[in-house]
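What follows is the residue order along each chain.
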Amino acid sequence: MPESKEYCLTNKQRKQLQHEIKNYLTKYFKILLIKAADYHKVEIWNDFLIFRAHGFLTESDKQIIKLPGGSDKIKEARLQVVKKYASDNLAYFEEKLGAKCIHQIYDMDVVKDLFIHVMIFDKVFIEVN
């Protein structure tokens, strides 16, 4: 449970911050993987930061998924990338949001080419009415 409601964003500030984080992550994944996802969405709500991406697999990944056991292999490899991404960017998210991440979880569905990362922080960013 968040410690306080001291740090609340206006809707305009929230949208601007979401846009900045989305642009940052697009650049990050282009550098790390040479390919960013086709679609990214960042949502800041209550004490959550939610990042989802669609279309992150390469054409080679898509072909490997069709092989027996291929989807498990691609998911295993991509989860290693996700662990690196989460580790590399934790300080960035905490600095941008002015809060400490108290829990995070991520998962992907390689068949649907979908990735999601949810972070819970120790402060409420925007009131949920």
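Residues numbered from 1 in each chain as written. Predicted model: local features only at pLDDT ≥ 70, side-chain atom pairs only at ≥ 80, totals over all residues. Heavy atoms only, no water.

## Here's the deal with the overall build of the protein
Within the protein one finds three helices and four strands. Counted from the first residue to the last, the protein has its helices and strands arranged as α-β-β-α-α-β-β. Projected onto its principal axes, the C-alpha positions of the protein cover 50 × 25 × 25 Å. Counting the 129 residues in the protein, one finds 37% classified as buried. Across the protein, contacts joining residues at least 24 apart in sequence account for 60% of those joining residues at least 6 apart. Of the roughly 7,800 Å² of accessible surface on the protein, 56% is carried by carbon and sulfur atoms. (Helix = DSSP H or I, 4+ residues; strand = E, 2+ residues; numbered from the N terminus. Buried < 20%, exposed > 50% of the residue type's maximum accessible area, 1.4 Å probe, protein only. Contact = heavy atoms within 4.5 Å. Areas by Shrake-Rupley, 256 points an atom, 1.4 Å probe, with all protein chains shown as cover.)

## Remarks on the nonpolar core
With 30 residues, the main nonpolar core has I21, L49, Y85, F93 and F121 as its most contacted residues. If one sorts the elements of this core by residue count, helix α3 (residues 70-97) sits on top with seven residues. Not counting residues up to four positions away in its chain, the partners in contact with Y85 are L25, Y28, F29, F51, F93, F115 and H117. (Core = buried A, V, L, I, M, F, W, Y, C linked by side-chain atoms within 4.5 Å.)

## A word on helix α1 (residues 11-33)
Since one α-helical turn is 3.6 residues long, residues separated by three or four positions face the same way. Taking 1.5 Å per residue as the helical rise, α1 with its 23 residues ought to reach 33 Å, and the 32 Å between its terminal C-alpha atoms agrees with that figure. Buried residues of α1: R14, L17, Q18, I21, L25, T26, Y28 and F29, and no others. One or two residues past the end of α1 sits I34, with phi positive at roughly 70°. (Expected span 1.5 Å × (residues − 1).)

## Side note on the side chain of D113
Relative to the helices and strands, D113 resides in the loop between β3 (101-109) and β4 (114-121). No salt bridge is formed by the buried D113; its nearest oppositely charged neighbour, K62, is found at 4.3 Å. Side-chain polar atoms of D113 contact the backbone nitrogen of F56, separated by 2.9 Å. When near neighbours in sequence (up to four residues on either side) are disregarded, D113 contacts A53, H54, G55, F56, L57 and K62. (Lys, Arg positive; Asp, Glu negative; His and termini not counted. Salt bridge = Lys/Arg side-chain N within 4 Å of Asp/Glu carboxyl O. Polar contact = N/O pair within 3.5 Å; in protein donor to acceptor, adjacent residues only side chain to side chain.)

## Comments concerning α3
With 28 residues, α3 should reach 40 Å at 1.5 Å per residue; the first-to-last C-alpha distance of 38 Å fits that figure. The axis of α3 is deflected most strongly, by about 45°, at N89. Considered for burial, the residues of α3 that qualify are G70, I74, R78, V82, Y85, A86, N89, Y92, F93, E94 and L97. Contacts made by the buried residues of α3 are with α1, β1 (39-45), β2 (48-54), α2 (59-65), β3 and β4. Backbone geometry just downstream of α3 places G98 in the positive-phi region, at approximately 65°. (Bend = angle between axes of the 7 residues up to and from the residue.)

## Focus: the packing of α1 against α3
Interhelical geometry of α1 versus α3 gives an angle of 145° and a closest axis separation of 12 Å. Regarding α1 and α3, the two cross each other, and that crossing is right-handed. Residues L17, E20, I21, Y24, L25, Y28, F29, L32 and L33 of α1 lie in contact with α3, whose contacting residues are R78, V81, K84, Y85, D88, N89, Y92, F93, K96 and L97. Looking at side-chain class alone, the contact of α1 with α3 contains 13 nonpolar, one polar and five charged residues. (Axes fitted to C-alpha atoms, helices over the stretch in contact; angles between N-to-C directions. Left-handed = near helix turned anticlockwise from the far one by under 90°. Nonpolar A, V, L, I, M, F, W, Y, C, P; charged D, E, K, R; others polar.)

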